[in-house]
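Take a look at the letters that make up each chain.
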Amino acid sequence: MTEKPAGYYHPPGGLPSQTTLMTARAVFTPAYAFIPKGCFSEIVTSNLPGWTKTRLWLIARPMSGFSETFSQYVMEVAPGGGSDTPDTDTGAEHWLFFTDGLATVTIDGTGYEMEAGSYAYIPPASRWTLLAEGGSPARFHWLRKLYEPAPGHPAPAHFVINERDVPVRFMPGTDNRWGTTRFVDPDDIAHDAHVNIVTFQPGGRIPFEETHVMEHGLYVLEGRAAYKLNQDWVEVEAGDFMWLRAFCPQACIAAGPDPFRYLLYKDVNRHANLRLMR
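All figures in this text were calculated on a predicted structure; none of them were measured in a lab.

Bringing the pairing of strand β19 (residues 241-244) into the picture now. With burial as the criterion, each face of β19 is covered, one bearing Phe241 and Trp243 and the other bearing Met242 and Leu244. Relative to β19, strand β2 (residues 32-35) runs antiparallel, the two sharing 4 bridges. In the sheet register, Phe34 faces β19, and the bridge partner there is Met242. Of the strand pairs in this sheet, strand β16 (residues 216-222) and β19 are connected by 4 bridges, and their pairing is antiparallel. The residue of β19 that forms the bridge with Leu218 is Met242.

This is the structure:
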């Protein structure tokens, strides 16, 4: 396995000093939520049944006025920890993106070595396990969603890849300043959600108020930007998390000397659920 690429942020844990000023950056609104990296302290971690030597920050979950389609965890698994029964909900599909450490993920009997930059898609009803290995914690993002079948299309197969082996697809007319690392074909109707990495080179931007049906979860992996969330411009940096409700306007201007990159969740390729309003 190779060493971790520079840049992936992960929460260090701990507690702020008693002399630390509270910056009041966290925001929770009906249209969006912003959880800055300073909120990822020791006292807001959680545990999970069936997992050993593990703690996590649960940063998105289905609840009234918040996420409707997915949950997202920032995981930290100490060496020797992990799970043989990660999730008992057989209807859930999973995405794992590793930012640090080493682990073995076994999916339906096949083992995969995971390191920083490794990405796994695990379809519903899969049998899978995770074991942290190496001398430091395995750190990764774990996103979960109840899979919505598409008539005439089987559920996608599992796959494991590293982001370094996936080219960035740049948006046309952006001088290669705004692009996306796409882990699945966006036209593959079997997938009901995408988890990708979006990259803005310094000075890159979303030059209009992007307003559409997808719910978004954005965890900033590296860099800094000014991000428009609904009517507000918010300064964001590596370690911050943003949740955007469907149709929440968004725009972005990369603000630092380094690339601005985030892990992006969005639901796709399915009818709107009319039963939510009953």
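Still to come is the rest of the account.
What follows covers the side chain of Arg261. As for its placement among the helices and strands, Arg261 is situated in strand β21 (residues 260-267). We classify Arg261 as buried; its relative accessible area is 10%. A polar contact of 2.8 Å, which involves the side chain of Arg261, links it to the side chain of Glu163. At 3.0 Å, the side chain of Arg261 and the side chain of Thr199 are in polar contact. Filtering out sequence-adjacent residues up to four positions away, Arg261 remains in contact with Tyr8, Glu163, Thr181, Ile197, Val198, Thr199, Tyr219, Val220, Leu221 and Glu222.

Here the focus is the confidence of the model for the chain. Taken residue by residue, the chain gives an average pLDDT of 94. The fraction at 70 or more is 96%. Scored below 50 in pLDDT, residues 1-5 makes 11 contacts in the model with residues more than four places away or belonging to other chains.

Reported here for the second largest pocket is a volume of approximately 440 Å³. Lining the second largest pocket are 21 residues; nearest its centre among them are Pro16, Thr20, Lys37, Gly38 and Cys39. Grouping the amino acids of the lining of the second largest pocket by side-chain chemistry returns 11 nonpolar, 7 polar and 3 charged.

Turning to the packing of aromatic side chains, a few remarks are in order. Counting across every chain of the model gives 20 aromatic pairs. With a centroid separation of 4.7 Å and an interplanar angle of 25 degrees, the aromatic rings of Phe98 and Phe140 are classed as stacked. Separated by 42 residues along the polypeptide, Phe98 in strand β5 (residues 92-100) and Phe140 in strand β10 (residues 138-146) bring together distant segments of the chain. Comparing Phe98 with Phe140 shows no difference in burial state: the two are buried. Where Trp128 meets Trp142, the ring centres are 5.6 Å apart and the plane angle is 90 degrees; that geometry is what we call edge-to-face. Of the two residues, Trp128 sits in strand β9 (residues 128-133) while Trp142 sits in strand β10, which places them 14 residues apart along the sequence. For the pair shown, Trp128 and Trp142 are each scored as buried. An aromatic cluster of at least three residues, connected via ring pairs, comprises Phe70, Trp95, Tyr119, Tyr121, Phe159, Phe183 and Tyr265.

Here is what the cut-offs are and how they apply
- Residues numbered from 1 in each chain as written.
- Predicted model: local features only at pLDDT ≥ 70, side-chain atom pairs only at ≥ 80, totals over all residues.
- Heavy atoms only, no water.
- Buried < 20%, exposed > 50% of the residue type's maximum accessible area, 1.4 Å probe, protein only.
- Helix = DSSP H or I, 4+ residues; strand = E, 2+ residues; numbered from the N terminus.
- Pairing = 2+ DSSP bridges.
- Polar contact = N/O pair within 3.5 Å; in protein donor to acceptor, adjacent residues only side chain to side chain.
- Contact = heavy atoms within 4.5 Å.
- pLDDT = per-residue confidence, 0-100.
- 1 Å grid on protein atoms, 1.4 Å probe; cavity = no way out; pocket = protein on both sides within 12 Å on 5 of 7 lines; lining within 4 Å.
- Points joined across faces, edges and corners; volume = space filled by probe spheres on them.
- Nonpolar A, V, L, I, M, F, W, Y, C, P; charged D, E, K, R; others polar.
- Phe/Tyr/Trp six-rings, centres within 6.5 Å; stacked < 30°, edge-to-face > 60°.

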